[in-house]
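Remarks on the overall topology
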2 protein chains.
Amino acid sequence: MQLKLKILDIQENQDIVFINFNDALKERIDPGEKVVIKKSDYFFSSSAVLTNDLVKIGYIGISSEKAKRLNSKDNDTLDVYPDGNIELSHILKRKIEGKILTKEEIVKLVGGIITGNIDSVLISSFLTSTQILGTSTKEVEHLTRAMAETGTMIKFEKSPVMDVHSIGGVPGNKTALLTVPIVASSGLTIPKTSSRAITSPAGTADVVEVLSPVDFGADRLKEIVNSTGGCLAWSGVLNLTPADDKIVEVERKLLIDPEPIILASVLSKKYAMGADFLLIDIPMGDGAKVTNWESARKLASNFTELGSALGIHVEVAITYGGQPIGNAVGPALEAREALLALQGKLTGSLTEKAIGLSGILLELGKKAEVGKGKDLAREILESGKALEKFKEIIKAQGGNPNIKPEEIPLGKYKENISSDDSGYITKIDNSLIVKVAKILGTPFDKGSGLILNYKVGDRVEKNDVIVELYAESEERLLLAKKFLDYNKIFQTEGMILKRFPGLKVI
Amino acid sequence: MQLKLKILDIQENQDIVFINFNDALKERIDPGEKVVIKKSDYFFSSSAVLTNDLVKIGYIGISSEKAKRLNSKDNDTLDVYPDGNIELSHILKRKIEGKILTKEEIVKLVGGIITGNIDSVLISSFLTSTQILGTSTKEVEHLTRAMAETGTMIKFEKSPVMDVHSIGGVPGNKTALLTVPIVASSGLTIPKTSSRAITSPAGTADVVEVLSPVDFGADRLKEIVNSTGGCLAWSGVLNLTPADDKIVEVERKLLIDPEPIILASVLSKKYAMGADFLLIDIPMGDGAKVTNWESARKLASNFTELGSALGIHVEVAITYGGQPIGNAVGPALEAREALLALQGKLTGSLTEKAIGLSGILLELGKKAEVGKGKDLAREILESGKALEKFKEIIKAQGGNPNIKPEEIPLGKYKENISSDDSGYITKIDNSLIVKVAKILGTPFDKGSGLILNYKVGDRVEKNDVIVELYAESEERLLLAKKFLDYNKIFQTEGMILKRFPGLKVI
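Residues numbered from 1 in each chain as written. Chains lettered and ligands numbered in written order. Predicted model: local features only at pLDDT ≥ 70, side-chain atom pairs only at ≥ 80, totals over all residues. Heavy atoms only, no water.

What follows covers the interface of chain B and chain A. With 51 residues of chain B at the contact, the number on the chain A side is 51 residues. A combined buried area of about 4,700 Å² lies between chain B and chain A, and 64% of that area is made up of carbon and sulfur atoms. On the surface where chain B and chain A come into contact, there are two salt bridges. For Lys253 of chain B, the salt bridge is made with Asp119 of chain A, and the minimal N-O distance between the two is 3.0 Å. For the pair chain B and chain A, the interface holds 13 residue pairs in polar contact (both at pLDDT 80 or more). Grouping the constituent residues of the side of chain B that touches chain A by class yields 25 nonpolar, 15 polar and 11 charged. (Contact = heavy atoms within 4.5 Å. Buried area = accessible area lost by both parts, 1.4 Å probe. Salt bridge = Lys/Arg side-chain N within 4 Å of Asp/Glu carboxyl O. Polar contact = N/O pair within 3.5 Å; in protein donor to acceptor, adjacent residues only side chain to side chain. Nonpolar A, V, L, I, M, F, W, Y, C, P; charged D, E, K, R; others polar.)

Spelled out as structure tokens, the structure:
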């Protein structure tokens, strides 16, 4: 509310201001409650003392020192409102006590996060209690809606709106560059937005950016999607869920990532984009975010349940995440690999995974009968229609649609790493691949990264080139090479069967 | 450790630095671990890449941009150490997962809090998880020791060292001004330190400060205690537990006050002062911090258990906290009341509570047989020895020992509040008393406060003066008076017995 300033003869050393009972009643300010008093950029927070005649209705009584701090004099108009931090502290206290927060409380919490009224100390407490106590289904739903509704909401003309999202954790996961054009080729709408890399060597947005711009406002994005049926954009400029960015900042300090927040973060963005059908890809395996079936199934059912509460039909695909998808890791290398796959020049995990995911989307969008989606997806890919659609999207986004895979610039410093052992590859270490890629310069140096010439199960001979490294600086290349002297990406094992000696009979 | 700078030709946009394997091994820095690089006031945190020959032993390789940020050149000496925030995040993560923290982990946590290396976001997470999950006995013990040992530790010449501490929550609780001289009169050592008011109208330190200085360094405090056997000092200057101040700051934002932290906060200060016997006063009643027997008993046993782990014999007295102790609230008014009680001019709750607490301390210190402590305490008080000891302490602290109660300056604006009802007083509202006292100017205006002329159970007639208000400004007095028009401190009730009409027999 707005109140007029009345300077009172009181000393500064106590944090009280005086508000008329009637004004307090209207704004539901209790005696002693903290209120924020603000004039343009100056503000402070003080306890409200309620009075009936010391200050009249429409006035706020404060000390002359405080008036000076606000750069104000008698009868100036001030903004007065309950201190959100105090209110939010009370909300958080209820959460800590194990109470279930109401929709209104969650809306206030998210509102406070967005306006910056809420201290990061409070966000930390919210995340910590969420990590320990979890949330109810309703709480996540409210949180998801609040996060979406405080950002940009986009409505596309054609329905149904399809979407696909991978929770990440596996290097080289550039499948969206194939699934989006395959699905859009069928006539469905698939406005795919992705993040840039946070901890991975290349986010989908980083890879696409090698071929075309990825940052668009809402109107431009709608044009692209209306004309081509799809897009491969960065979610950043769209400002879909501004609360999420601030939450992520605190999560990074705490090194925690509570599952309810992951759910809300992913689905709020999809909800803001008006998704009707959403396919979630959960890579599972050693070194991925999800390592076993039990966690994968639990996460899957949480995604579908929350989706249904939001009116989004969510389906989950659990995929193999124990080693990279395809063979390339790093923005330019991944863009090249995706182009080759669209040209039908590659087989293997990238193509197969993309066809699998596209098939499910085609079935969900009623373009293929149940069980026939994968066949249709393969047909679209092999016919070259997906490549044409991809070029259309790249062109609409302002890129060069006719770029050839071999024209994509890679890091000019290159080095081959050879195997120092023979045997069958039994394990590839995802986390070491990420480290090497980062030493090489990903995701910032677009041309840096690595090519794995072998995958798990392949036979490798001593001195075979197992990895090719690319860098944009000689120094980084050297560093990565040295790093690999001490850290082995591949684990090989001779396939000798173990022999058990028989019992010795005397 | 200290390493020499080697500028490497790498780009700035990635947060990595290069350390030789041998140096990393020595400092237990893992590949990818965050390290802080510091030169005088400049520092940053980056991921460590371990190398064997890119940088030699004793060197750290960083980009030229980073070198510039540090205002350094090749071969300059830099401080390099593991980033505490990252390490502490891992410790907190274990806490969140329900693991019990080790002594080393808690020492690191407290160390990080004190050096300011730890973000308040992490302190918030620690407090939140402690509030939800609690702590083990060992954890509180480690926390208490770490908090004490990172501050000033004081050792007095004479033992045993006695101490008394009230957890607060009841206005007018100036008993320490009586218990300390009573106990010191018996020949025991009782170096009492107290806080200033945080939310109350007057902390013990605020009351004593009306009569003498209260802020001393450790050496000066030892002199006072050696010469008189006691003191009534402020704990602030002593810097007994610097971690506590930073924790309190975050607790205020969160509005939580986890019990294990209360325990550690209180006992760490007593441990730092070398207490052998400690009496904890837990006021219990409506409006106090502890409202029922069950919580009081639980808190009591937690105090004694933790005390015993620290080698302090802790005894707990649960006292009545449903209404103020004595009749005066506010620094000068309380100092006057305490002086009158020491002169034997008062009876009632202040004298009785002080005698009760002193009796327990005399028994613990083997100056009285069990069951006889109270008699000895009363004897000491009535003999005038306690008053003499009090004067000695006030003199040693630099105050005027001969000040008379009527000479203590009170607020020059005074107003009587009359009862607008007759009846027996059934309830006195502690929280309203605190609010009125604060409006009157406590604890900053030393002469402000209030006198309650009646206590629960007293008979009051309409128009009797029930409260006397004191203020140092007319404005504040007026405000308090207005406030009392709408808020009633006293609840009175006519003592008519309820009549039940008999059943009507037709």
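Quick look at the domain arrangement of chain A now. As far as domains go, chain A holds domain 1 (2-82), domain 2 (86-134), domain 3 (162-236 + 266-396) and domain 4 (413-493). In this structure, domain 1 of chain A and domain 3 of chain A have C-alpha centres spaced 54 Å apart. (Domains from an automatic or database assignment.)

What follows concerns the pattern of salt bridges. Residue and element names in this part refer to chain A. Inspection of every chain in the model, using the stated rule, returns 50 salt bridges over all chains. Between Glu337 and Lys174 there is a salt bridge; the shortest N-O distance is 2.5 Å. Here Glu337 is found in helix α13 (residues 331-342), whereas its partner Lys174 is found in the loop between β7 (162-166) and α7 (176-185), with 163 residues between them in sequence. Taken individually, Glu337 and Lys174 each receive the classification buried, so the pair is uniform in this respect. Glu415 is paired through a salt bridge with Lys481; the nearest N and O atoms lie 3.8 Å apart. Here Lys481 lies in helix α18 (residues 474-486) and Glu415 lies in strand β13 (residues 413-418), a separation of 66 residues in the sequence. Judged by relative accessible area, which is 26%, Glu415 ranks as partly exposed. The network of salt bridges with common partners includes Arg196, Asp206, Glu209 and Lys446. (Helix = DSSP H or I, 4+ residues; strand = E, 2+ residues; numbered from the N terminus. Buried < 20%, exposed > 50% of the residue type's maximum accessible area, 1.4 Å probe, protein only.)

The next point concerns the environment of Ile224 of chain A. Residue and element names in this part refer to chain A. Mapped onto the elements, Ile224 comes out in helix α9 (residues 218-228). In sequence terms Ile224 and Ala396 are 172 residues apart; their C-alpha atoms lie 5.8 Å from each other. Setting aside residues up to four positions removed in sequence, Ile224 forms contacts with Phe216, Gly229, Gly230, Cys231, Ala396 and Gln397.

Nonpolar side chains tend toward joint burial in soluble globular proteins. Counting residues in each nonpolar core, the largest one holds 120 residues, and the members touching the most others are Leu127, Leu221 and Phe303 of chain A together with Leu127, Leu221 and Phe303 of chain B. Residues contacting Phe303 of chain A, with those up to four places away along its chain left out, are Ile167, Leu263, Val266, Leu267, Ile280, Val314 and Val316 of chain A. Counting residues in hydrophobic clusters, the runner-up holds 47 residues, among them Leu177, Val208, Ala377 and Ile380 of chain B. (Core = buried A, V, L, I, M, F, W, Y, C linked by side-chain atoms within 4.5 Å.)

Residues and elements named next belong to chain A. Between its first and last C-alpha atoms helix α11 (residues 259-272) spans 20 Å; for 14 residues at 1.5 Å apiece the expected length is 20 Å, and the two agree. The buried fraction of α11 is high, at 11 of 14 residues. Those residues of α11 that fall on the buried side of the exposure criterion are Pro260, Ile261, Leu263, Ala264, Ser265, Val266, Leu267, Ser268, Lys270, Tyr271 and Ala272. (Expected span 1.5 Å × (residues − 1).)

What follows covers the sheet that holds strand β13 (residues 413-418) of chain B. Residues and elements named next belong to chain B. The four strands lie next to each other as β12-β15-β17-β13, forming an open sheet whose pairing is antiparallel. In the strand order of this sheet, the two ends are held by β12 (328-329) and β13, each with one partner. Bridge count between β13 and strand β17 (residues 465-471): six bridges; the pairing is antiparallel. Within β17, the position partnered with Lys414 by the bridge is Tyr470. (Pairing = 2+ DSSP bridges.)

Our focus in this paragraph is the side chain of Ser124 of chain A. Of note, Ser124 of chain A is situated in helix α5 (residues 120-133). Residue classification places Ser124 of chain A among the buried positions, given a relative accessible area of 0%. In contact with Ser124 of chain A, not counting residues within four places along its chain, are Val250 and Leu254 of chain A together with Val121, Ser124 and Ser125 of chain B.

Let us now look at the sheet that holds strand β10 (residues 277-284) of chain B. Residues and elements named next belong to chain B. Spatially, three strands are ordered β7-β10-β11 in an open sheet, and the strand pairing comes out parallel. For this open sheet the edge positions go to β7 (162-166) and β11 (313-320), each flanked by a neighbour on one side alone. The average angle at which neighbouring strand axes cross in this sheet is 20°, direction not considered. (Axes fitted to C-alpha atoms, helices over the stretch in contact; angles between N-to-C directions.)

Once that is clear, we can look at the relation of the copies chain B and chain A. Expressed as a screw transformation, the operator carrying chain B onto chain A has a rotation angle of 180° and an axial translation of 0.1 Å, and the superposed copies differ by an RMSD of 0.2 Å. Expressed as an axis order, the relation between the two copies is that of a two-fold axis. (Least-squares fit on C-alpha atoms with pLDDT ≥ 70 in both.)

Residues and elements named next belong to chain A. The end-to-end C-alpha separation of helix α16 (residues 385-396) is 16 Å, in line with the 16 Å expected for 12 residues at 1.5 Å each. Within α16, burial applies to Ala386, Leu387, Lys389, Phe390, Ile393 and Ile394. Projected down its long axis, α16 shows its buried positions confined to an angular sector of 160°, all on one face. Looking one or two residues beyond α16, the residue adopting positive phi is Gly398, at roughly 95°. (Arc of directions from axis to C-beta.)

Residues and elements named next belong to chain A. Looking at chain direction, strand β10 (residues 277-284) and strand β11 (residues 313-320) are connected through eight bridges and run parallel. Bridge assignment links Met284 to a residue of β11, and that residue is Tyr320. Handedness of the crossover is the feature at issue here: the chain leaves β10, passes through helix α12 (residues 293-310), returns alongside β11, and the resulting connection is right-handed. (Right-handed = clockwise from strand over helix to strand, strands pointing away.)

Within this structure's numbering, the places UniProt gives as "domain: Pyrimidine nucleoside phosphorylase C-terminal" (unreviewed entry) are residues 424-490 of chain A. Annotated as residues 424-490 of chain A, this span is 36% helix and 28% strand, and its ends, taken at the C-alpha atoms, are 10 Å apart. (UniProt positions renumbered as here; feature names shortened; annotations may be inferred.)

This part covers the environment of Arg94 of chain B. By the element assignment, Arg94 of chain B lies in helix α3 (residues 84-96). C-alpha of Arg94 of chain B to C-alpha of Asn292 of chain B: the two residues are 198 residues apart in sequence and 34 Å apart in space.

Here the focus is the environment of Ile408 of chain B. With respect to the helices and strands, Ile408 of chain B occurs in the loop between α16 (385-396) and β13. Apart from residues lying up to four places away in sequence, Ile408 of chain B is in contact with Val210, Leu211, Ala332, Ala335, Arg336, Leu339 and Ile403 of chain B.

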